[in-house]
Amino acid sequence: VFENSKTASVHVAHRIAEIIRKKQAEKTFAVLGLATGVTPIAVYAELVRLHREERLSFKNVITFNLDEYYPMQSSSAQSYVTFMNENLFNHIDIPKGNIHIPNGTIAMSGIPSFCLEYEKKIESLGGLDIQILGIGRTGHIGFNEPGSAPNSGTRLVTLDDLTRRDAAHDFGGKAFVPTKAITMGIGTIFKAREIILMAWSRKKATVIKKAVEGDISGEVPATYLQLSNNVEFILDEAAAAELT
Ligand code: F6R
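Residue numbering note: each chain is counted from 1, following its sequence as written. Given that this is a predicted model, residues contribute local features only at a pLDDT of at least 70 and side-chain atom pairs are listed and counted only at 80 or more, while totals for whole chains, interfaces and linings are drawn from all residues.

With an unreviewed UniProt entry as reference, the chain is termed Glucosamine-6-phosphate deaminase, source organism Chryseobacterium wanjuense.

Structure, rendered in structure tokens:
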């Protein structure tokens, strides 16, 4: 638990930078699992600062984002492609070919093979060195909403009504929020060598209490993280307020 989200975010960014530098020293690449949303914004800002001011290079970095709305044009203001470009990728030296984000533009019939390919790519690169996560008020990680299975893989899912309400502001109304998304599964996330779930503010306190102290259940998918030895919750004091 950190005093505020700023110091917590800097901590997470430095953990990611450490992995990148270690892999550089070993002359190999770092495979990062990334998230979007409000939560990781300051993490990405610190990574950009490290690149600009402390010469952290991302040439040896390969990234896989957790999710994307479906359908979603990459060029749309609300796409996670746009989010990642604006908050991170446009400001660092990552080779564009190293970036992977679920494709919100493919035809429905192509989704199963796209998802299998996404899993295979991660595996063929040796798996994710680290996966960072936010948490939705439904208890979702990625877009694994209540009802998701612990061994689920990358797939097309239906968004929970609460998730769509929470996204309404970005889309100018809930009616404009897509009803579906492509997300890595709980099983995909679990295979990462390190998992960091971040949550800031009082708004997340109730779901954090459930995720950390509640019974393990598909009703709150983040509770599955209790089964992993490689997971850390990084919280600000407000998000930790309901923990016993
Ligand atoms: C985003 C994602 C979601 C968000 C969660 C929290 O890629 O997978 O699980 O992390 O909805 O969103 P924010 O950070 O906006 O509160």
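For the chain, the count of helices and strands is seven helices and nine strands. Radius of gyration here uses only the C-alpha atoms, and the compact-globule reference equals 2.2 Å multiplied by the residue count raised to the power 0.38. Computed over C-alpha atoms, the radius of gyration of the chain comes to 17 Å, within 12% of the 18 Å expected from 2.2 N^0.38 for 244 residues, which places it in the range of a compact globule. Overall, the C-alpha framework of the chain stretches about 45 × 45 × 35 Å when taken along its three principal axes. Among the 244 residues that make up the chain, the fraction classed as buried is 41%. Each residue gets a C-beta atom placed from its backbone, and two residues are in contact if those atoms lie within 7 Å. Within the chain, residue pairs in contact and separated by at least 24 positions form 79% of the contacts whose partners lie at least 6 positions apart. By the criteria applied, helices consist of DSSP H or I runs no shorter than four residues and strands consist of E runs no shorter than two, each listed in order from the N terminus. Our exposure labels follow a C-beta count within 10 Å of each residue's own C-beta, placed from the backbone: buried means 20 or more other C-beta atoms, exposed means 12 or fewer, and partly exposed covers the counts in between.

Here we take up the site of the ligand. Near, as applied to residues and a molecule or strand, means the residue's backbone-placed C-beta atom lies within 6 Å of it. By nearness alone, 14 residues border the ligand, and Gly 37, Val 38, Thr 39, Gly 134 and Gly 136 come closest of all. Looking at side-chain class alone, the shell around the ligand contains six nonpolar, seven polar and one charged residues. Throughout this entry, Asp, Glu, Lys and Arg are counted as charged residues, while Ala, Val, Leu, Ile, Met, Phe, Trp, Tyr, Cys and Pro are counted as nonpolar. The remaining residues, Gly among them, count as polar.

We now examine the UniProt feature "domain: Glucosamine/galactosamine-6-phosphate isomerase" (unreviewed entry) in the chain. Cross-referencing UniProt, the feature "domain: Glucosamine/galactosamine-6-phosphate isomerase" (unreviewed entry) maps to residues 6-227 in the present numbering. Within residues 6-227, the helical portion is 36% and the strand portion 15%, while the C-alpha atoms at the span's ends are 28 Å from each other. UniProt positions are given in the numbering used here, feature names are shortened, and annotations may be inferred rather than shown by experiment.

With glycine set apart, most residues show a phi of negative sign, and most peptide bonds adopt trans. Residue Tyr 70 is joined to Pro 71 through a cis peptide bond whose omega torsion reads -10°. You can see Pro 71 is positioned in the loop between β3 (67-70) and α3 (80-87). Despite not being glycine, Arg 55 shows a phi value in the positive range, around 55°. Along the chain, Arg 55 turns up in the loop between α2 (41-54) and β2 (61-65). A positive phi angle, near 85°, is found at Ser 201, a position not held by glycine. In this structure, Ser 201 sits in the loop between β8 (195-199) and α7 (205-213). You can call Ser 201 partly exposed: it has 15 C-beta atoms within 10 Å.

To continue, consider the sheet that holds β3. In any sheet, the strands associate via hydrogen bonds between backbone groups, in a parallel or an antiparallel arrangement. The antiparallel open sheet is built from three strands, whose spatial order is β3-β7-β6. Looking along the sheet, the strands with just one partner apiece sit at the ends: β3 and β6 (155-158). Neighbouring strand axes in the sheet, compared pairwise and without regard to direction, differ in orientation by 30° on average. Only when DSSP finds a minimum of two bridges between them are two strands counted as paired. In this structure, β3 lies alongside strand β7 (residues 180-183), joined through four bridges in antiparallel fashion. Paired with Asp 67 across the two strands is Thr 183, which belongs to β7. Axes, fitted as lines to C-alpha atoms, cover a helix only where it is in contact. Angles between the N-to-C directions of the axes lie from 0 to 180 degrees.

Another point: α3. If you check which residues of α3 are buried, you get Tyr 80, Val 81, Phe 83 and Met 84. Down the axis of α3, the buried side of the element spans an arc of 165°, and every buried residue falls inside it. Tucked inside the fold, the buried residues of α3 contact β1 (30-34), β2 and β3. Along the arc lie the directions from the helix axis toward the C-beta atoms.

All right, on to the sheet that holds β2 then. Reading across the sheet, the six strands line up as β4-β2-β1-β5-β8-β9 and stay open at both edges, with parallel pairing between neighbours. The strands lining the two open edges of the sheet, one partner per strand, are β4 (99-100) and β9 (231-235). Sheet topology places β8 next to β9; five bridges connect them, and they run parallel. When the bridges of β9 are listed, Leu 197 appears paired with Phe 233.

The element β8 is extensively covered by neighbouring structure, given that five of its five residues are classed as buried. Burial of the side chains of β8 extends over both faces: Ile 195, Leu 197 and Ala 199 are buried on one face and Ile 196 and Met 198 on the other. Here strand β5 (residues 130-133) runs beside β8; their pairing, made up of three bridges, is parallel. For Ile 132, the partnering residue across the bridge sits in β8 and is Ile 196. With strands facing away from the observer, any crossover in which the path from the first strand over the helix to the second runs clockwise is taken as right-handed. Handedness of the β8-α7-β9 crossover: right-handed.

Interhelical geometry of helix α1 (residues 5-25) versus α2 gives an angle of 55° and a closest axis separation of 8 Å. It follows from the interaxial angle that α1 and α2 lie oblique. For the pair α1 and α2, the crossing hand works out as right-handed. Of the residues in α2, those in contact with Ser 5, Lys 6, Ser 9, Val 10, Val 12, Ala 13, Ile 16 and Ala 17 of α1 are Ala 42, Val 43, Glu 46, Leu 47 and Leu 50. Among the residues making up the contact of α1 with α2, the classes are represented as nine nonpolar, two polar and two charged. Working definition: roughly parallel below 35 degrees, roughly antiparallel above 145 degrees, roughly perpendicular at 65 to 115 degrees, and oblique for all remaining angles. Rotating anticlockwise by less than a right angle from the far helix to the near helix defines a left-handed crossing, while the corresponding clockwise rotation defines a right-handed one.

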